[in-house]
Amino acid sequence: MSKQGQAGTLESNDIHIIVKEGVPGSGISIDLTSTVLLPYGDAIRTSITDVCNSFQVKDIEVTAMDKGALDCTIRARMQTALRRCGLIQEV
Amino acid sequence: MRRSLLFLPGNNPGNVQSGGLFGADAVVLDLEDAVAPAEKDAARDLVAAALQTVDYGMCEKFVRINSLDHNGARDIRVIVPCGPDVILLPKIESPAEVVEQVKLIKAAERPGQKPVVVMAVMETPIGVVRAYDIAISDPRVTAISLGAEDYTATMGLTRTKEGQEIFVPRATIANIASAAGVDCIDTPFTDVNDPEGLLADTLLAKSLGYQGKVAINPRQIDTIHQAYAPTETEIRWAQRVVEAVEEGKRKGSGVVAVGGKMIDPPVVARASRTIDMAIALHLVEGA
Amino acid sequence: MKQNAVNRMIPEYVEGLGNVKPFAGAFATPPDMRRQGPPVKCVQPGQTKVLENLEEVFRRIPIVDGMTLGFHHHFRNGDGVLNQVLDVAAKLGIKDLTVAASAILPVHAPIVDHIRSGVVTGLDAAAMAGEVGKAVSAGLLPKTAVFRTHGGRARAIECGQLHIDVAFIAAPAADTYGNLNGTDGETACGSLGYAFLDAEYADHVVAVTNHLVPYPLAPVSISQDRVDYVVKMDYIGNPGGIVSGTTKLTKDPIQLKIASYAAKAIAASGLLKDGFSFQTGAGGASLAVAAYLRTIMKKRDIKGSFVMGGITGYLVQMYEEGLFRTIFDVQDFDLDAIRSLRENRTHVEVGANLYASPYNSGCIVNQLDCVVLGATEMDTDFNVNVITGSDGVIMSGSGGHSDAAAGAKMTVITANLVRSRLPTLKRTIQTITTPGETIDVFVTEYGIAVNPRRQDLLEKFKASGLPLWDIHDLAALAEKVCGKPKSIPMDDRIVGVVEYRDGTVIDVIHKSKS
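Residues numbered from 1 in each chain as written. Chains lettered and ligands numbered in written order. Predicted model: local features only at pLDDT ≥ 70, side-chain atom pairs only at ≥ 80, totals over all residues.

Time to look at the interface of chain C and chain B. Across the boundary between the two partners, chain C contributes 5 residues, which contact 6 residues of chain B. Of the residues belonging to the side of chain C that touches chain B, the class tally is 2 nonpolar, 1 polar and 2 charged. (Contact = placed C-beta atoms within 7 Å. Nonpolar A, V, L, I, M, F, W, Y, C, P; charged D, E, K, R; others polar.)

This is the structure:
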């Protein structure tokens, strides 16, 4: 049973993120839906990847449903999801 | 100025990111009672990120952390390095609690970071009893407050708009704040659809010596500021006092009178504060 | 392709419009035509106009392939007539129709099926919301869609550029000889101003009502001498979709903040004095501006001259309090507005031509002191988009936006600088409907930017304590908050033209890439 965690909501300005530990070597895979996919889809993926990299999380499946969250919200929710998944230590 | 402190639920991105837009003197990013227990970690992460990226303009940035027995220490470790101005300590009942939390705050500050100060909120009878010792417990204490909702719940009282049930502790906290040389901030008026009630409540707080009031909705800010604006009468009186003091200095006389009344230093100080606020609010030309 | 005065590339010929003139400036293109008249009719004593049903209308005229059918949108999202007319056309096997409605709304989604089946091949409207807008953006419509303003549609009908074969006029009340009004009956909508032009100039005029009264109806908005047929039907529209009970003021603190800045700007402009005239929208910050102005006008005992619109109960309240002498009404949004039109002598129903056409001896918007409008997007030249979203997909249209903006002494745009993660203010926008030369002030939750053309306003605002921004700094702030958006590539095919109020083409709409 692989580790899972989720954070955020489907409210406007928020992003709902579910993370599932990936098979070693599988890399970071992101399934993204967003109300601002065309203008900001790439930026959202970059931010999610950045957070994974900064915590040395290499193999992860991310499902993200974005409702126009600002970058700081995306990063915060991602961090919370990773911690709830057990992939980051508690402070 | 700390006329208005706008509470923002810390797990709500919409509120957190727009909190600086409403013209409040301060924003309070709340990790405590406005956040469900299961989401405290998410709120902590969000507030930490917001403090680093969101522009709150001229607002003083407060964060209400959880009490120590509800992971408050973790809140301090994560939040303090992000540069809040004030940490709001809830449910304080003893000076030792303040001292301990200030110690944790200092340990969490980055080298060279502007010192983070604290505001202690007393929400129980014993907290009110010990309020003076709490207020002077540490130089980092900048303000105190009465949390009337929890206070009346603890005492088993009915909370009312008129507030007779909290009159004594409310006035006590104001007196203690003055004696301790710290600010006091009044408890919220919880009916957001009653601006007249809010105005009356805020005027009462002002008359007791409170510097400001908690706002639980942006709609309350204008009314609170209206209550704290010096009236034309107050401004004119303050101007007369200041003029009389100037004249006294020119004449070399130490004794000042206005309208036949003696003016002693606390009155002069109050007049001066009134003029300062009037200038800050564009009610008069700057000196 | 030619470049027009707002730097957009415009084709020289558009099917359905013919050779097109590129937009040259808000007041740069004078008229050079005469009005076009409809065929002269003769109805003799003893002849009746009442027909059994819509099918009989189709047979009698007759309605044939290739015709242009006209509709008004006074029933808004409660309209029941347009869909029923097209259903009859489909049933009778008629094809290649152009729907020329003053606006197309989400309730008209069945048009998409009629496009697919070939019944409808052309669309001409001042706005296309909902599924129809999306379908046009997806390239479903064979002909290029034509977007006009309310004043421009009136002008196009009067001057013969929009020729309507048959106008179907949904009438809340009609008599057996074709007198119509919009204030009586269960589906009352108030003013029928957008239908005036269809009635005056269409080759054939059909009144469709659910409230047929014995002759004569009074008062009369559209008169018997232009109406050819009257049809009574059980259902012509849903009252709940036509009007709201009362239009409520927003409680959203950000909208209120924007509105408060806008009202302060209007007060600082020097225009808010006796004789003040005003137009505003129906929702959000727009209506809240009226509320703030009301407080100031009462405090300073200011008596305004007229409000124009788009009338809601809130504006009626200001009028009945004596803050304005006259209401000019081209559309009503709630029951109170309809009641006032019925009862108040100086609450006047006006047609789209009188309201906003640029080609006559002076329309009402020319007399406006101030108009408060919205925007989906705005660029740093103050050009505004109210037709497509920032994804380039059609979601509305100019309506009276460019008309009022051109006429008013001061045009105020109220909008969130940032809506969720979308900046309203950008360096370039998808589609231009209203040129920046007619936009004076941009009011957001962060503060105000003034068009550099209006140094006079800027000086007045400086003394007011309002937070003032250079437009470029405000655009940079929006980008900082949201991040830099990727520009959205569109297909080369042009699916719609945006006509300015004078008939020139101010922009085109490209097909969305799927």
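Further remarks concern the domain arrangement of chain C. Residues and elements named next belong to chain C. For chain C, the domain assignment lists domain 1 (49-240) and domain 2 (253-493). The distance between the C-alpha centroids of domain 1 and domain 2 comes to 29 Å. Each partner contributes to the interface: domain 1 provides 31 residues, whereas domain 2 provides 32 residues. For the side of domain 1 that touches domain 2, the secondary structure elements donating two or more residues are helix 4 (130-137), helix 5 (150-158) and helix 6 (196-201). Considering each element in turn, the side of domain 1 that touches domain 2 owes the most residues, 6 residues, to helix 5. Per-class residue counts for the side of domain 1 that touches domain 2 are 15 nonpolar, 12 polar and 4 charged. (Domains from an automatic or database assignment. Helix = DSSP H or I, 4+ residues; strand = E, 2+ residues; numbered from the N terminus.)

Turning next to the sheet that holds strand 4 (residues 60-66) of chain A. Residue and element names in this part refer to chain A. With mixed pairing, the 4 strands of this open sheet are ordered in space as 1-2-4-3. Looking at the sheet topology across the chains shown, the edges are occupied by strand 1 (4-7) and strand 3 (28-34). Strand-to-strand twist across the sheet, computed as the mean angle between neighbouring axes with direction ignored, equals 10°. Here strand 1 pairs with strand 2 (residues 15-21) via 4 bridges, running antiparallel. Its bridge partner lying in strand 2, glycine 5 is registered against valine 19. Along the sheet, helix 1 (residues 37-54) makes contact with strand 3 and strand 4, crossing strand 3 at roughly 145°. (Pairing = 2+ DSSP bridges. Axes fitted to C-alpha atoms, helices over the stretch in contact; angles between N-to-C directions.)

Moving on, we come to the interface of chain B and chain A. Facing the 14 residues of chain B at the interface are 14 residues of chain A. For the side of chain B that touches chain A, the secondary structure elements donating two or more residues are helix 1 (13-18), helix 2 (40-53) and helix 3 (72-79) of chain B. Per element, the largest residue contribution to the side of chain B that touches chain A is 7 residues, and it comes from helix 2 of chain B. Considering only residue class, the side of chain B that touches chain A consists of 7 nonpolar, 3 polar and 4 charged.

Next up on the list: the sheet that holds strand 7 (residues 183-186) of chain B. All names here are of chain B. A barrel is described by the order of its strands in space; here 8 strands give the closed sequence 1-2-3-4-5-6-7-8, paired in parallel fashion. The mean inter-strand angle of the sheet, taken between neighbouring strand axes irrespective of direction, is 25°. As judged from the 5 bridges shared by strand 2 (residues 26-30) and strand 3 (residues 60-64), these two strands associate in the parallel manner. Bridging from a neighbouring strand, leucine 29 pairs with valine 63 of strand 3. Against the sheet, helix 10 (residues 221-228) makes contact with strand 1 (4-9) and strand 8 (212-215), and its axis sits at roughly 165° relative to strand 1, the strand it touches most.

All names here are of chain B. Their axes nearest at 9 Å, the elements helix 9 (residues 195-208) and helix 10 cross at an angle of 40°. Relative to helix 10, the element helix 9 is oriented oblique. The two elements helix 9 and helix 10 cross, and the hand of that crossing is right-handed. Of the residues in helix 10, those touching helix 9 at Pro195, Leu198, Leu199, Thr202, Leu203 and Lys206 are Thr223, Ile224, Gln226, Ala227 and Tyr228. Across the contact of helix 9 with helix 10, the residue classes break down as 7 nonpolar, 3 polar and 1 charged. (Parallel < 35°, antiparallel > 145°, perpendicular 65-115°, else oblique. Left-handed = near helix turned anticlockwise from the far one by under 90°.)

Residues and elements named next belong to chain C. Along helix 10 (residues 313-320), 6 of the 8 residues are buried, which leaves the element largely enclosed by surrounding structure. Buried within helix 10 are the following residues: Gly313, Tyr314, Leu315, Val316, Met318 and Tyr319. Among the structural elements, helix 9 (284-300), strand 17 (304-311), strand 18 (324-332), helix 11 (335-343) and strand 19 (347-349) are those in contact with the buried residues of helix 10. Following helix 10 by one or two positions, glycine 322 adopts a phi angle in the positive range, close to 90°. (Buried ≥ 20, exposed ≤ 12 C-beta atoms within 10 Å, placed from the backbone.)

The next point concerns the nonpolar core. Ile144(B), Ile169(C) and Ala262(C) are the most contacted members of the largest nonpolar core, which has 265 residues in total. If you tally residues by element for this core, the top one is helix 8 (residues 253-268) of chain C, at 9 residues. In contact with Ile169(C), other than residues within four places in its own chain, are His72(C), Leu180(C), Ala195(C), Asp198(C), Ala199(C), Val205(C), Val206(C), Ala207(C), Val208(C) and Ile222(C). Counting 5 residues, the second largest nonpolar core, distinct from the first, contains Val241(B), Ala271(B), Ile275(B) and Ala278(B). (Core = buried A, V, L, I, M, F, W, Y, C linked by C-beta atoms within 7 Å.)

All names here are of chain C. Of all the 6 residues making up strand 13 (residues 204-209), 6 are buried; the element is thus mostly covered by neighbouring parts of the structure. Across the two faces of strand 13 the burial is the same, with His204, Val206 and Val208 and Val205, Ala207 and Thr209 all buried. In terms of strand pairing, strand 10 (residues 166-171) meets strand 13 through 6 bridges, oriented parallel. Bridge pairing in strand 13 places alanine 170 opposite valine 208. Pairing of strand 13 with strand 15 (residues 229-232) involves 4 bridges; the strand directions are parallel. Residue valine 206 lies in a different strand from strand 15, and its bridge partner there is tyrosine 229.

Turning next to unusual backbone geometry. Residue and element names in this part refer to chain C. Omega for the bond connecting tyrosine 215 with proline 216 falls within 30 degrees of zero, at 0°, which places this linkage in the cis form. Among the secondary structure elements, proline 216 is positioned in the loop between strand 14 (212-213) and strand 15. In this model, alanine 218 is joined to proline 219 through a cis peptide bond whose omega is -5°. Position of proline 219 relative to the elements: it lies in the loop between strand 14 and strand 15. Here the phi dihedral of aspartate 96 falls at roughly 65°; this positive angle occurs in a residue that is not glycine. Position of aspartate 96 relative to the elements: it lies in the loop between helix 2 (81-91) and strand 7 (97-101). For aspartate 96, a count of 15 C-beta atoms within 10 Å puts it in the partly exposed group.

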